[in-house]
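What follows is the residue order along each chain.
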Amino acid sequence: MGRFHGGVAGVCELLSRHSGIPSHELTSCLYVHYEDRAVQHLLAVSSGLESMVVGEDQILGQVRSALKLAGDQGTLGRSLRDLGRLALRTGKRARAETGIDRLGLSLVSVGIDLAVPGPSDVNRAASALSGLHVLVVGAGAMSGLAVATAARAGAARLTVANRTRAKAERLAGGVAGDVASAVADFTDLPAAIGAADLVISCTGAAGLVITEAVVREVLAGRRPGHDLVLLDLAMPRDVDQAVGDLPGVRVVGMDDLRGTDGGVGADEVAAVRAIVDEEFAAYGSAVRAARVTPTVVALRAKAATVVDAELGRLAGRLSEEGVSGHALEEIAQTVRRVVDKLLHAPTVRVKELASSPDGEEYAAALRVLFDLDPRTVDAVTRAEVESPNLEGSQ
């Protein structure tokens, strides 16, 4: 438990340093899951059930990237590696066996639907931004998705703004045609906002990027009746909350997207939850079965020690009586086969029983019946836990 609390404190400190938010403010916004609840949460996340937009199609790739990064950094131990593989398998099953991601929706696409409402029809995805000038602020992964989504949604013009102009140029250059021909750095941001119909902001900045003062200044030069819509997808927010109170301005933020179902029905959600429950139950059974392995190993080790000692004494006596080495080897193989057969049934059975919720009781009974040294069992357990198997997830 001490290691658990120390780990939580370490993660909070890291998040605080990365975000620039004091840890005492950050802690109130975090939640912690422990042991089985943590595993269930990981499977639900990978399956799209915990996403801001239920069923959005970006999260599984993010989990895969996180696992690869941990593997590359040498921080992915065996337990996390196995849990990562379980999460990816569960997420893939959820998408292959249900319709949770049938619409292929992302946070960006749902945000655009809220920011620029229109008729829900088959042509909506290709025409939602038809004729509009879209400004994307930022040049990270989310900004790249925003640029691609806006281009697919029919934006007439795209401008990319970033603190580093070179990154903005690379992002804009990835869009086919001349839709994203305009690029701006942050010194040009007010003018870029003034020229846009829709602003999608998703930077990694710790503070506000679009302030109330900047937008107020921009509005003075805009055509009357030409409203400005800002879609803030950043965490923490990029757009000052006060901007939404200005006339002719509408702000759509993460709070507006929270809990959006993305068109996923209750039946799909229930089907995904069933898959998560099934995978979690199988994981629990496997973990409980694995816990008996040190006891089985210790039992076989004790049996091998007893057999070797008795065969050694027997060989000494029989050698004096002129028994050949070949005969002694045959006797030794026979004794070992007899012991293996006697141990086979109880060890297989205890592994099967160990997969049940009360499985540890069977392992404990085995240790008592065969008078196994607890130190031997603990040594096997430590050897498995400390195994330096830090390979990446595939």
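Description of the structure in this document. Being a predicted model, the structure only gives us computed values, none of them experimental.

Thresholds, definitions, all that
Here the residue numbering is sequential within each chain, running from 1 through the sequence in written order. Under the rules for a predicted model, residues below a pLDDT of 70 receive no local features and side-chain atom pairs below 80 are neither given nor counted, while totals for whole chains, interfaces and linings still include all residues. Working from all heavy atoms in the structure, the side-chain values ignore hydrogens and water. Residue burial is assigned from relative accessible area. The probe radius is 1.4 Å, only protein chains are included, and a residue is buried under 20% of its type maximum, exposed over 50%, and partly exposed in between. Helix numbering and strand numbering both begin at the N terminus, where a helix is a DSSP run of H or I of at least 4 residues and a strand a DSSP run of E of at least 2. Two strands pair if DSSP finds at least two bridges between them. Each helix should span, by expectation, one fewer than its residue count multiplied by 1.5 Å. Comment: arc refers to directions from the helix axis out to C-beta atoms. The criterion used for residue contact is that any of the two residues' heavy atoms lie within 4.5 Å. When a carboxyl oxygen of Asp or Glu lies within 4 Å of a side-chain nitrogen of Lys or Arg, that pair is called a salt bridge. Lines fitted to C-alpha atoms define the axes here, with helix axes fitted over just the stretch in contact, and angles between the N-to-C directions of these axes take values from 0 to 180 degrees.

Attention now goes to the pairing of strand β3 (residues 182-185). As a general feature of sheets, a regular strand has side chains that alternate between the two faces. With burial as the criterion, each face of β3 is covered, one bearing A182 and A184 and the other bearing V183 and D185. Pairing of strand β2 (residues 157-162) with β3 involves four bridges; the strand directions are parallel. Across the sheet, the residue bridging to V160 is V183, located in β3.

Here we come to helix α4 (residues 59-72). Its 14 residues place the ends of α4 20 Å apart at the C-alpha level, agreeing with the 20 Å of an ideal helix rising 1.5 Å per residue. Regarding α4, the residues found buried are I59, L60, V63, L67, A70 and G71. Considered in projection along α4, the buried side chains sweep an arc of 120 degrees and stay on one side of the axis. Opposite the buried face of α4, at more than 90 degrees from it, the exposed residues are K68, L69 and D72. Those residues of α4 hidden inside the fold are in contact with α3 (36-46) and α5 (78-97). G74, located one to two residues past α4, shows a positive phi value of around 75 degrees.

Moving on to the pattern of salt bridges. Summed over the entire model, instances satisfying the criterion amount to twelve salt bridges. The shortest N-O distance in the salt bridge between E97 and R93 comes to 2.9 Å. Placement of both E97 and R93 in helix α5 is noted, with a separation of four residues, approximately one turn of the helix. The exposure class of R93 is buried, given its relative accessible area of 17%.

Attention shifts here to the sheet that holds strand β1 (residues 133-137). As a general point, the strands of a sheet are linked pairwise by backbone hydrogen bonds and lie either parallel or antiparallel. Ordered in space as β3-β2-β1-β4-β5-β6, the six strands form an open sheet in which the pairing is parallel. Looking along the sheet, the strands with just one partner apiece sit at the ends: β3 and β6 (249-252). Direction aside, the axes of adjacent strands within the sheet are offset by 20 degrees on average. Pairing of β1 with strand β4 (residues 198-201) involves four bridges; the strand directions are parallel. Bridging across to β4, V137 finds its partner in S201. Packed onto the sheet, helix α8 (residues 141-152) meets β1, β2 and β4 and runs at close to 170 degrees relative to β1.

Everything listed here is a matter of coordinates, which is why it stays silent on function.
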